[in-house]
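Observations on the three-dimensional arrangement
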Amino acid sequence: MLQEAKDLQNRAVTQMVAALSQNKKEYTFKAPTGSGKTYMMADFMNRVLSTHKNIVFIVSSLSKSELAEQNYHSFCTLVQNGTFPNLNPYLINSESSGEGSLHIPLDHNVYVLPRDLYKEKSKLKEEGTFLNFLQTTTGDLMNGGGAGKSIIVIKDECHIATSNLDELNSFFSIVINYSATPKLSRKQLPDVEISNSAAEEVKLIKQVEFQSESDSLDDALDKFEEIKADYTNKLEVNPCFIIQISNKDKAEAELDNNIFPTLANTKHQDLKWVYITGDKSGKGCKTNDSGLNKLPVSKWKEYMKGKESSISVIIFKMVISEGWDIPRACMLYQVRDTQSKQLDEQVMGRVRRNPRLLDFERLSKDAQDLASKAWIWGIKPKDAVFPKQVSLFRDYNIEADLRVTPTKLSVDKVKNEIDVNSLLATKKVKIAGENIFEMHRLLSQQEIEIQDMCYEYADGYGKWRIFMENISEIKSKYHSYITDYENSMSVCNDVSFPYGSCYNETDKTLTLDDWVWCRKEEDSISDEFSFDSDAEKKWAEILKDIRQESIRKTHGLNHDDTKFLWGKNFPLNSNIRFEYFSDGIHTSYPDFIMKDKNGRIHIFEVKSVNKSSSLNINQDEYDEKVRCLKECYKACSKKTNHIFYLPILVGGTWQITKYESGDESTIDKQEFIKSLK
């Protein structure tokens, strides 16, 4: 997983823990489907339980029981691998005690409750089992009436309306709503939010490309066939195409007259498919995979999730159930008619999970781009915001005229500098060592390069333990080498802007008709572009004015001057990137790139004291990032001969740090403009 993704999740959980100081009864955490919501939920509970032993969590998964089981097993795995050792999960189910009355043990601190288990006429409610559990858990400890603990309820998928637990609110100290789509109508206003754009940027989820409404299912499957080999070869994942039939009344007709005949077409007849009806008993489910047919339907979903599953097409009638994770799904086709509903975040989320999230940084750039994209054919939600597509002006030969030299950190070279075998040759296993689970948890928190060194060195438990007992020394040496940019940083082949990219729309807009990008909207060329912050917009205005002044002085109003080029470095598809180290390897995609009349390349990363982002980082983190970028850009300027800038907006004044040939200077706006004349 990219370090930026870990940082995003960590900041969200930190903010959620900090929010509890507001002493409210109810909180809401909003994060896109596929962004690691269950992991962040577990992290949140683990942090709270580390300092508050008298708290008990009830995770009410407001969906079908399979989601509760999925959450429970995820929590158990995170405990067993040492990631969150403070959790002690228990799954409440109707088989909790066999033939006798239901029983809920009191020696756990995380209880996972399926939504439908506590309702009228249910065994859990009629026998009073759950009520007795709540009374005993929260009762007066001093008078022997109970454990005297506080209960925090987490409502997973809170957007689904339910009143099951409302009558028990007096037992709950806090209620926390988790969802990708919380309901404002039910006052589920996010206290902490990870936006779609933030999750996309760090590759937690895929970016959506909506396809033409005129495309048939056959057209969409052609597209799937095109990328299938690349997905298998570059990602080592068999991709999956999801078909959603949104009109229940016409489902059978669509299957018989459109879907099955299209799949039987000669072009697609080798694709293995499954039809899921949604019936709990599996009635009506079908497949053309002979091997899958030998398994009970209850096992089909689990088989289809695997990255090596042979099933290429999954057909759903109506809603795709929440909680069913299938990261290898990359395309969604909605069979549309006059009664078809708009796609929502939950449905689209089925194809937005990153199939190689945990080892994303190991992939090639082409493979990363492929893993970060989802294709959807369907009715767009009216209130959803989708990226605006941009492409380079073809009248300019931009790819040839503007060339940038990226840099990367040579991890393999650094690892070779550290001879782990020699370093640990005389080390012995300590007689009274740390707990193995604690050590495993510690290793899982290290950057992936440290983990690699551990497993490359350790061919048995003894050597693994020696490595872990000396991990601080190894980590210190690694950090020392990797931040020595003179030796660890290497240059890559020259690149230019990608032909196509996109950006997320904001209210910080500017009309630009003289930079490298154009965009198409409803068959008309639009010159309006959005920026992520006021600082970015203001810097774009400066670059625009410089460009126009240059044109006036050299060619009047002739816009054929292709020697003075500039544009926003939109991250999607961009190879204009520079790696730096800050508790892990990060990638900087500078905000703007400019080539002046003299052929010099200027690179800008715009900052502001008013840090604008979907999840604000604290001042110390912000200052540390700026410090690390300065060190990176200083080294980059020496190795690439480009000129790097960190313009920081303070009030209405620009404080600009400039790096040229490895030298640092501080200039103001006027000095910067003068340097380009």
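Along each chain, residues carry numbers from 1 onward, in the same order as the chain's sequence is written. Local features in this predicted model are restricted to residues whose pLDDT is 70 or higher, and side-chain atom pairs enter the listing and the counts only when it is 80 or higher, whereas totals over whole chains, interfaces and linings include all residues. Only hydrogens and water are set aside when side-chain values are computed; all heavy atoms of the structure are taken into account.

What follows is about the overall build of the protein. When its secondary structure is counted, the protein shows 23 helices and 31 strands. Expressed as a percentage of the 677 residues in the protein, the buried residues total 52%. Contacts: residue pairs with any heavy atoms within 4.5 Å of one another. Put simply, of all contacts in the protein between residues at least 6 apart along the chain, 70% involve residues at least 24 apart. Only the protein chains shown count as cover for residues, with accessible areas throughout obtained via the Shrake-Rupley method and a probe of 1.4 Å. With an accessible surface of roughly 31200 Å², the protein has 46% of that area assigned to carbon and sulfur atoms. Numbering of helices and strands starts at the N terminus; helices are DSSP runs of H or I of at least 4 residues and strands are runs of E of at least 2. Summary of the burial criterion: residues with accessible area below 20% of their type's maximum are buried, those above 50% are exposed, and those between are partly exposed, where the area comes from a 1.4 Å probe applied to protein chains only.

Each Phe, Tyr or Trp ring, with Trp reduced to its six-membered ring, pairs with another whose centre is within 6.5 Å; inter-plane angles below 30 degrees give stacked pairs, above 60 give edge-to-face pairs, and intermediate values give tilted ones. The final tally for this structure, using the stated rule, is 32 aromatic pairs. Taken together, a centroid distance of 5.9 Å and an interplanar angle of 80 degrees make the contact between Tyr478 and Phe581 edge-to-face. Residue Tyr478 is located in helix α19 (residues 471–482), and its partner Phe581 is located in strand β24 (residues 578–581); the two are separated by 103 residues in the primary sequence. When the ring of Trp515 is compared with that of Phe529, the centres are 4.9 Å apart and the planes differ by 80 degrees; the resulting orientation is edge-to-face. Of this pair, Trp515 sits in the loop between β19 (509–511) and β20 (517–521) while Phe529 sits in strand β22 (residues 528–530), and the two are 14 residues apart along the sequence. The two residues Trp515 and Phe529 agree in class, both being buried. Taken together, Phe497, Tyr503, Trp515, Trp517, Phe529, Phe531, Trp566, Phe570 and Phe592 form an aromatic cluster joined through their ring pairs. By definition here, charges over rings are those cases where NZ of Lys or CZ of Arg is within 6 Å of the ring centre and within 35 degrees of the ring normal. Lys463 extends its terminal NZ or CZ atom over the ring of Tyr457, reaching a point 4.5 Å from the ring centre. The ring of Phe592 is capped by Lys568, whose NZ or CZ atom sits 5.9 Å from the centre of that ring.

Now for the pattern of salt bridges. The salt bridge definition used is simple: a Lys or Arg side-chain nitrogen within 4 Å of an Asp or Glu carboxyl oxygen. All chains considered together, the criterion is met by 26 salt bridges. Here Lys267 and Asp222 are joined by a salt bridge, their closest N and O atoms 3.2 Å apart. In this pair, Lys267 sits in the loop between α8 (251–264) and β10 (272–276) while Asp222 sits in helix α7 (residues 217–235), placing the two residues 45 residues apart along the sequence. Overall, the relative accessible area of 24% leaves Asp222 in the partly exposed class.

Mapped onto the fold, Thr28 is located in strand β1 (residues 26–30). Those residues in contact with Thr28 that sit more than four places away from it in its chain are Asn177, Pro182, Gln188, Leu189, Pro190, Asp191 and Val192.

Right, let's talk about the sheet that holds strand β7 (residues 192–193) for a bit. Two strands pair if DSSP finds at least two bridges between them. The seven strands are arranged β3-β4-β2-β5-β6-β1-β7 in an open sheet whose pairing can be described as parallel. The open sheet has two edge strands with one neighbour each: β3 (89–91) and β7. In the packing of helix α1 (residues 3–19) onto the sheet, the strands contacted are β1, β6 (172–179) and β7, and the crossing angle to β1 comes to about 170 degrees. Lines are fitted to the C-alpha atoms to define the axes, a helix being fitted only along its stretch in contact, and any angle between axes, read from their N-to-C directions, falls within 0 to 180 degrees. Packing of helix α2 (residues 37–51) onto the sheet brings it into contact with β1, β2 (55–61), β4 (110–114), β5 (150–156) and β6, and relative to β2 it is tilted by some 165 degrees.

Peptide bonds are trans in most cases, and residues, glycine excluded, mostly fall at negative phi. With a phi close to 55 degrees, Asp583 is a non-glycine residue in the positive phi region. Following the sequence through the fold, Asp583 ends up in the loop between β24 and β25 (585–588). For Asp583, a relative accessible area of 57% gives the class exposed. Phi angles above zero are rare outside glycine, and Ser661 is one such case at about 55 degrees. Considering the arrangement of structural elements, one finds Ser661 in the loop between β30 (653–660) and β31 (663–667).

When pLDDT is averaged across the protein, the result is 85; 88% of the residues are at 70 or more. The predictor attaches a confidence to each residue, and that confidence, scored 0 to 100, is pLDDT. Mean pLDDT across the elements of the protein bottoms out in strand β21 (residues 524–526) (61) and peaks in strand β27 (residues 601–604) (97).

A few words on the side chain of Thr277. Within the fold, Thr277 resides in the loop between β10 and β11 (286–287). Polar contact is the term for a pair of N or O atoms within 3.5 Å; when the atoms are in protein, one must be able to donate a hydrogen and the other to accept it, and sequence-neighboring residues count only if both atoms are side-chain atoms. Of the polar contacts made by the side chain of Thr277, one reaches the backbone oxygen of Lys283; its length is 2.9 Å. Look past the residues within four positions of Thr277 in its chain and what remains in contact with it is Lys283, Gly284, Cys285 and Lys317.

This part is about the packing of α7 against α8. Contact geometry of α7 with α8 gives a least axis separation of 10 Å together with a crossing angle of 40 degrees. By the angle class used here, α7 and α8 are oblique. In the crossing of α7 with α8, the sense of the turn from one axis to the other is right-handed. The segment α7 lies against α8, with Leu217, Asp218 and Leu221 engaging Asn258, Ile259, Thr262 and Leu263. Throughout this description, any angle smaller than 35 degrees is read as roughly parallel, any larger than 145 degrees as roughly antiparallel, any in the 65 to 115 degree range as roughly perpendicular, and the remainder as oblique. It is the rotation of the near helix from the far one that decides the hand of a crossing: anticlockwise by less than a right angle makes it left-handed, clockwise makes it right-handed.

Within the open sheet, the seven strands sit side by side as β8-β14-β13-β9-β12-β10-β11. Their pairing is mixed. On the outer flanks of this sheet lie β8 (207–210) and β11, each paired with one strand and no other. Contacts between α7 and the sheet are confined to β9 (240–245), β12 (311–317), β13 (329–335) and β14 (373–377), with β13 contributing the most and set at about 175 degrees to the helix.

One face of the sheet, then the other: side chains in a regular strand alternate in exactly this way. Burial analysis of β2 places seven of its seven residues in the buried class, the great majority of the element. Because side chains alternate across β2, one face comprises the buried residues Ile55, Phe57, Val59 and Ser61, and the other comprises Val56, Ile58 and Ser60, equally buried. Summarising the sheet, β2 and β5 pair through seven bridges and their orientation is parallel. Looking at the pairing, Val59 lines up with Ile154 of β5.

Within helix α17 (residues 448–457), eight of the 10 residues are buried, which leaves the element mostly enclosed by the surrounding structure. Every buried residue of α17 is accounted for by Ile448, Glu449, Ile450, Gln451, Asp452, Met453, Cys454 and Tyr457. The inward-facing, buried residues of α17 abut α14 (411–417), α15 (420–423), α16 (436–444), α18 (461–469), α19 and β25.

Across soluble globular proteins, nonpolar side chains show a tendency to be buried alongside one another. Phe467, Tyr478, Trp539, Phe592 and Phe672 are the most contacted members of the largest nonpolar core, which totals 80 residues. Ignoring sequence-local partners within four residues, the contact set of Phe672 consists of Trp539, Ile542, Leu543, Ile546, Phe604, Tyr645, Ile656 and Ile667. Ala12, Val237, Ala251 and Leu271 belong to the second largest nonpolar core, which has 77 residues in total. The term nonpolar core refers to a set of buried residues drawn from Ala, Val, Leu, Ile, Met, Phe, Trp, Tyr and Cys, joined through side-chain atoms within 4.5 Å.

The next thing to look at is the packing of α1 against α2. Axis separation between α1 and α2 bottoms out at 10 Å; the angle between their running directions is 45 degrees. Looking at the two axes, α1 sits oblique to α2. Regarding α1 and α2, the two cross each other, and that crossing is right-handed. Contacts between α1 and α2 involve Gln9, Asn10, Ala12, Val13, Thr14, Met16 and Val17 on the former and, on the latter, Tyr39, Met40, Asp43, Phe44 and Arg47. Gly counts as polar in this scheme, as do all residues outside two lists: the nonpolar Ala, Val, Leu, Ile, Met, Phe, Trp, Tyr, Cys and Pro, and the charged Asp, Glu, Lys and Arg. Of the residues belonging to the contact of α1 with α2, the class tally is seven nonpolar, three polar and two charged.

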